Amino acid sequence: MRESKRPPVEAERERGERVRKKRACPLCRRGIEEVDYKDMGLIQEFLTGKASIAPRRRTGTCAAHQRSLARAVKNARELALLPFTADHSLTWRERR
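Residues numbered from 1 in each chain as written. Predicted model: local features only at pLDDT ≥ 70, side-chain atom pairs only at ≥ 80, totals over all residues. Heavy atoms only, no water.

**Quick look at the pattern of salt bridges**
Opposite charge on two side chains makes pairing possible when the charged atoms of those side chains draw close. As a reminder of what qualifies: When a carboxyl oxygen of Asp or Glu is within 4 Å of a side-chain nitrogen of Lys or Arg, the pair counts as a salt bridge. In this text, helices come from DSSP runs of H or I with a minimum length of four residues, and strands from runs of E with a minimum of two, each type numbered from the N-terminal end. The buried label applies to any residue whose accessible area, calculated with a 1.4 Å probe on protein chains only, is under 20% of its type's maximum; exposed applies above 50%, and partly exposed to all values in between.
Evaluation of the coordinates by the stated rule reveals 2 salt bridges. Glu 45 is the partner of Arg 30 in a salt bridge, and the nearest nitrogen-oxygen pair spans 2.8 Å. With Arg 30 in helix α2 (residues 26-30) and Glu 45 in helix α3 (residues 40-45), this pair connects stretches of sequence that are 15 residues apart. Residue classification places Arg 30 among the partly exposed positions, given a relative accessible area of 45%. Judged by its relative accessible area of 47%, Glu 45 is partly exposed.

**Some details on a positive patch on the surface**
Basically, it comes down to this: Within the patch definition used here, like charges are joined within 9 Å and nonpolar side chains (Val, Leu, Ile, Met, Phe, Trp, Tyr) within 5 Å, considering only residues with over 30% relative accessible area and no salt bridge. Computed with a 1.4 Å probe, the accessible areas rest on the Shrake-Rupley method; for each residue, only the protein chains presented here act as cover. Lys and Arg are tallied as positive, Asp and Glu as negative. Neither His nor the chain termini are counted. A single reference atom marks each charge: NZ on Lys, CZ on Arg, CG on Asp, CD on Glu.
Positive charge collects at one region of the surface, where Arg 18, Arg 20, Arg 23 and Arg 29 lie side by side. Following the sequence through the fold, Arg 20 ends up in the loop between α1 (9-14) and α2.

**Considerations on helix α5 (residues 63-78)**
Given 3.6 residues per turn, any residue in an α-helix points the same way as the ones three and four places further on. For clarity, the threshold we go by: To estimate how far a helix should reach, multiply one less than its number of residues by 1.5 Å. Note on contacts: a residue pair qualifies if any of its non-hydrogen atoms lie within 4.5 Å across the two residues.
Along its 16 residues, α5 runs 23 Å from first to last C-alpha, staying within 8% of the 22 Å computed at 1.5 Å per residue. Taken together, the buried positions of α5 are occupied by His 65, Gln 66, Ser 68, Leu 69, Ala 70, Ala 72, Val 73, Ala 76 and Arg 77. The elements touched by buried residues of α5 are α2, α3 and α4 (56-59). Following α5 by one or two positions, Ala 80 has its phi on the positive side, about 65°.

**Things to note about the nonpolar core**
Quick reminder of the rule: Here, the term nonpolar core denotes a set of buried Ala, Val, Leu, Ile, Met, Phe, Trp, Tyr and Cys residues that are joined through side-chain atoms within 4.5 Å.
With 12 residues, the main nonpolar core is built from Cys 25, Leu 27, Val 35, Leu 42, Ile 43, Phe 46, Leu 47, Leu 69, Ala 72, Val 73, Ala 76 and Leu 82. Those elements that provide at least two residues to this core are α3 and α5. In this structure, Leu 69 is in contact with Val 35, Ile 43, Phe 46 and Ile 53, ignoring residues within four places of it in sequence.

**With respect to the layout of surface pockets**
What counts, and what does not: Cavities and pockets are defined on a 1 Å grid built over the protein atoms alone: a cavity is a set of grid points where a 1.4 Å probe fits but cannot escape, while a pocket is an open set with protein on both sides within 12 Å along at least five of seven lines, and lining residues are those with an atom within 4 Å of any such point. Grid points are joined across faces, edges and corners, and a volume is the space filled by probe spheres set on the points. Charged residues are taken to be Asp, Glu, Lys and Arg, nonpolar residues to be Ala, Val, Leu, Ile, Met, Phe, Trp, Tyr, Cys and Pro, and polar residues to be all remaining types, Gly included.
If you add up the space inside the largest pocket, you get close to 170 Å³. Lining the largest pocket are Lys 22, Arg 23, Arg 56, Arg 57, Gly 60, Thr 61 and Cys 62. Looking at the lining of the largest pocket residue by residue, the classes come out as 1 nonpolar, 2 polar and 4 charged.

**Examining the side chain of Thr 59**
Quick note on the threshold: Definition of a polar contact: a pair of N or O atoms within 3.5 Å, with one able to donate and the other able to accept a hydrogen when the atoms are protein atoms, and with sequence-neighbouring residues admitted only if both atoms are side-chain atoms.
Its place among the elements puts Thr 59 in helix α4. A relative accessible area of 15% places Thr 59 in the buried class. In this structure the side chain of Thr 59 is engaged in a polar contact, spanning 3.4 Å, whose partner is the side chain of Thr 61. With near-sequence residues (within four places) excluded, Thr 59 lies in contact with Arg 23, Pro 26, Phe 46, Ala 54 and Gln 66.

This is how it looks when you write it as structure tokens:
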């Protein structure tokens, strides 16, 4: 069996290097298999202030759930459950 090229975690700690914990996917922890486009509370947790989908590195979602989330957000936008941008939530007079 091959040995890993990376030193063990204890050696990194002795040298004063930071050791990051692997963050678990919040959707996996909740036991959600597929993100539903009608679940606005869940979807809005993963949107930025500009109504765009937050990246995986910020939210900690796994690749499968990120794809499911993106699909759900796009479906919700098509059905006008979510705005395409933050400006769409304002009326014409409020933007002026």
